[in-house]
Amino acid sequence: MSKTIEDIKALVEPTRIHRSLYTDPDLFNLEMERIFERTWVYLGHESQVREPGDYLTVNVGRRPVIMVRDKDGNINVLHNQCTHRGAKVAGKTCGNARAFRCCYHGWTFKTDGTLIGVPHKDGYEQTNFDIKDPAFSLKVVRSENYRGFVFANLSEEGPDLKTFLGDAASSIDNMIERSPEGAIEITGGVLRFRHNCNWKLFVDNLNDTMHPMVTHQSVGDACQAYVDELPEGAPKTNEADIISPFGSSYQMFDEMGVSVGPHGHAFTGGEESIHSNYMDIPGYMESMEATYGPEKARQILSINRHNTIYYPSLTIKGAIQSIRIVRPISVNETEIETWTFRLKGAPDEMLHRTMLYSRLINSPSSMVGSDDLEAYVRLQEGLMSGGTEWVDMSRFIGREEHPEGNMTRAIGTSDISLRNQYAAWLDYMTHEKEVA
Ligand code: FES
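Just so it is clear, the structure is predicted and the values come from calculations on it, not from any experiment. (Residues numbered from 1 in each chain as written. Predicted model: local features only at pLDDT ≥ 70, side-chain atom pairs only at ≥ 80, totals over all residues. Heavy atoms only, no water.)

Colleague: Please give an account of the UniProt feature "domain: Rieske" (unreviewed entry) in the protein that cites residues and values.
Modeller: Per the UniProt record, "domain: Rieske" (unreviewed entry) is annotated on residues 41–152. With 0% helix and 38% strand, the stretch residues 41–152 has end C-alpha atoms that lie 5 Å from each other. (UniProt positions renumbered as here; feature names shortened; annotations may be inferred. Helix = DSSP H or I, 4+ residues; strand = E, 2+ residues; numbered from the N terminus.)

Structure (structure tokens):
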């Protein structure tokens with residue numbers, strides 16, 4: 001059933017949203033059209049396409065694209081659709097190709113999209129086909145690279161990527177500065193985890209600081225019992241370091257704070273977060289000080305944000321060097337990808353800790369992420385059942401807030417992150433024409 005602008009406006013109020021935002025397939029299709037296909041969506045990191053011909057394929061909303069490095073070293077984003085009869089020309093999720101040859105009739109395209117080969121051309125004489133006509137090249141998609149993070153935007157309208165990221169870009173900056181060489185790279189493969197829930201339930205949860213002490217209570221308690229049983233003077237373990245903070249108090253999450261900005265972006269934490277009390281890794285501080293000097297090194301490492309959301313598609317944890325990507329599949333299916341970064345110049349133990357974090361917290365066999373998934377599935381099933389029509393987001397509305405740059409800072413357990421996301425959602429969804 002088609003939705004009018006007035007229908008959509010009626011679903012979002014200042015302190016609550018209607019449950020159909022999570023359950024209505026028509027709204028999901030509109031979200032793909034008006035959000036994911038009109039704003040900046042994260043594709044991948046430049047280190048994933050290091051060599052000429054390296055490529056990866058992803059969807060931007062419903063549109064398949066190829067992110068590929070060409071022979072001149074440029075990263076191009078191309079619509080993954082043959083201009084002959086429409087087949088996807090790249091069938092794998094990643095690889096290396098000198099050119100893309102369509103599997104159906106063999107039209108072949110360069111890594112900048114130019115059509116360079118058509119078998120048995122004779123039959124095209126006296127037709128409109130011209131191999132040199134750019135209309136027969138793969139369509140180039142608008143893309144930008146912020147310090148190695150490549151985004152695409154199917155719309156030609158709206159701000160550039162840096163403007164879109166705004167002050168929230170400082171979380172990417174901090175992750176890069178944590179490298180003694182000021183450079184990071186994707187290392188290892190992806191943890192791809194299918195969630196049977198609407199994509200927004202995952203995004204809602206990232207800065208929901210009222211759930212860890214409930215949802216993760218059992219693993220927090222088990223971890224604390226393990227720590228209590230360690231002999232006096234026994235060294236701490238990375239596992240305990242990583243899991244214990246999920247059992248932190250409401251007060252700790254209050255004090256951690258949350259910041260929200262334009263376009264639905266937000267981050268929790270600052271100097272304090274669940275990542276701020278990890279053990280020192282021998283040699284790391286020394287290498288940071290050698291690069292930046294003691295004062296600057298301490299300032300970089302004092303920023304320990306929890307989750308930063310670049311709404312709607314990317315979430316990063318700079319303090320532990322991992323990212324998660326949101327890939328909506330349908331109204332009640334979402335793929336979440338976790339990728340791991342190596343800080344160039346840092347001891348290998350830093351990378352090992354990041355990989356341990358991903359396995360313990362974000363993998364399908366995680367002791368923490370599986371708690372969240374249980375909550376998402378119960379939310380999805382509950383919301384689909386009706387009865388309670390509205391989803392509350394009223395906590396701390398209008399209180400404990402103050403401006404910080406182009407963002408607003410609030411007490412950590414405020415629902416301000418939800419209110420900010422759904423204000424952005426409403427803005428996107430009620431523009432019938434293209435917006436940022
Ligand atoms: Fe690609 Fe025909 S559909 S060559």
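Past the structure itself, the notes keep going.
Colleague: If you had to explain the sheet that holds strand 3 (residues 41–45) to someone new, which residues and values would you point to?
Modeller: The strand order 3-12-11 describes an open sheet built from three strands, whose pairing is antiparallel. Because the sheet does not close on itself, it has two edges, and the strands there are strand 3 and strand 11 (142–146). When strand polarity is set aside, the average angle formed by the axes of neighbouring strands in this sheet is 30°. One ladder, built from five bridges, connects strand 11 with strand 12 (residues 149–153); its direction is antiparallel. Paired with Asn145 across the two strands is Val150, which belongs to strand 12. (Pairing = 2+ DSSP bridges. Axes fitted to C-alpha atoms, helices over the stretch in contact; angles between N-to-C directions.)

Colleague: Break down the packing of aromatic side chains for me, with residues and values.
Modeller: Taken as a whole, this structure holds twelve aromatic pairs when the rule is applied. Residues Tyr55 and Phe100 carry aromatic rings whose centres are separated by 5.2 Å and whose planes lie at 80° to one another, so their mutual orientation is edge-to-face. Remark: Phe100 occurs in strand 8 (residues 100–101) and Tyr55 occurs in strand 4 (residues 54–60); sequence separation between them is 45 residues. As far as the burial class goes, Tyr55 and Phe100 line up, both buried. A ring pair is formed by Phe149 and Phe341, whose centres lie 5.6 Å apart and whose planes are at 35°; its orientation type is tilted. Note that Phe149 is positioned in strand 12 and Phe341 in strand 20 (residues 333–343), a separation of 192 residues in sequence. This pair shows no difference in class: Phe149 is buried, exactly as Phe341 is. (Phe/Tyr/Trp six-rings, centres within 6.5 Å; stacked < 30°, edge-to-face > 60°. Buried < 20%, exposed > 50% of the residue type's maximum accessible area, 1.4 Å probe, protein only.)

Colleague: Before we move on, could you go through the pairing of strand 5 (residues 63–69) and cite the residues and values that matter?
Modeller: Counting buried positions along strand 5 yields six of seven residues, so the element is predominantly enclosed. Sheet topology note: the strand 4/strand 5 ladder contains six bridges and is antiparallel. By the bridge assignment, Thr57 is partnered in strand 5 with Ile66. Joining the antiparallel neighbours strand 4 and strand 5 is a turn of two residues, in which Gly61 adopts a positive phi near 60°. Pairing of strand 5 with strand 6 (residues 75–79) involves five bridges; the strand directions are antiparallel. Bridged to Arg69 within strand 6 is Ile75. With antiparallel pairing between neighbouring strands as the criterion, strand 5 and strand 6 make up a hairpin whose turn holds five residues, including Gly73 at a positive phi of roughly 95°.

Colleague: Give a description of the pattern of salt bridges that names residues and reports values.
Modeller: For the coordinates displayed, the defined rule picks out 18 salt bridges. One salt bridge connects Lys3 with Asp24, and the closest N-O pair in it is separated by 2.8 Å. Of this pair, Lys3 sits in the segment before helix 1 (5–9) while Asp24 sits in the loop between helix 2 (20–23) and helix 3 (25–36), placing them 21 residues apart in sequence. Here Lys3 matches Asp24 in class, with each residue buried. Between Glu335 and Arg194 there is a salt bridge whose closest N-O contact spans 3.1 Å. Within this pair, whereas Glu335 is found in strand 20, its partner Arg194 is found in strand 14 (residues 191–195), the two being separated by 141 residues in sequence. Three or more residues joined by partner-sharing salt bridges are found here, namely Arg192, Arg194, Arg327, Glu333, Glu335 and Glu337. (Salt bridge = Lys/Arg side-chain N within 4 Å of Asp/Glu carboxyl O.)

Colleague: Talk me through unusual backbone geometry; I want residue IDs and the actual numbers.
Modeller: Residue Pro312 is bonded to the preceding Tyr311 through a cis peptide linkage, with omega at 10°. Note that Pro312 resides in the loop between strand 17 (308–310) and strand 18 (314–317). Even without glycine at this site, Gln126 takes up a positive phi of about 60°. Looking at where Gln126 falls in the secondary structure, it is placed in the loop between strand 10 (115–117) and strand 11. A residue is classified by how much of its surface remains accessible, and Gln126, at 86% relative accessible area, is exposed. Despite not being glycine, Arg147 shows a phi value in the positive range, around 50°. Considering the arrangement of structural elements, one finds Arg147 in the loop between strand 11 and strand 12.

Colleague: With reference to specific residues and values, describe helix 8 (residues 217–229).
Modeller: Taking 1.5 Å of rise per residue, 13 residues should cover 18 Å, and helix 8 covers 18 Å from first to last C-alpha, within 8% of that figure. Residues of helix 8 that are buried: Val219, Gly220 and Cys223. Take helix 8 and look down its axis: the buried residues cluster within an arc of 100°, on one side only. Facing away from the buried surface of helix 8 by more than 90 degrees, the exposed residues are Ser218, Asp228 and Glu229. Tucked inside the fold, the buried residues of helix 8 contact helix 9 (238–243) and helix 14 (369–384). (Expected span 1.5 Å × (residues − 1). Arc of directions from axis to C-beta. Contact = heavy atoms within 4.5 Å.)

Colleague: Requested: an account of the state of the cysteines, with residues and values cited.
Modeller: Scanning the entire structure with this criterion turns up zero disulfides. You can see Cys103 has no disulfide; the closest cysteine sulfur is in Cys102, sitting 5.0 Å from it. (Disulfide = S-S within 2.5 Å.)

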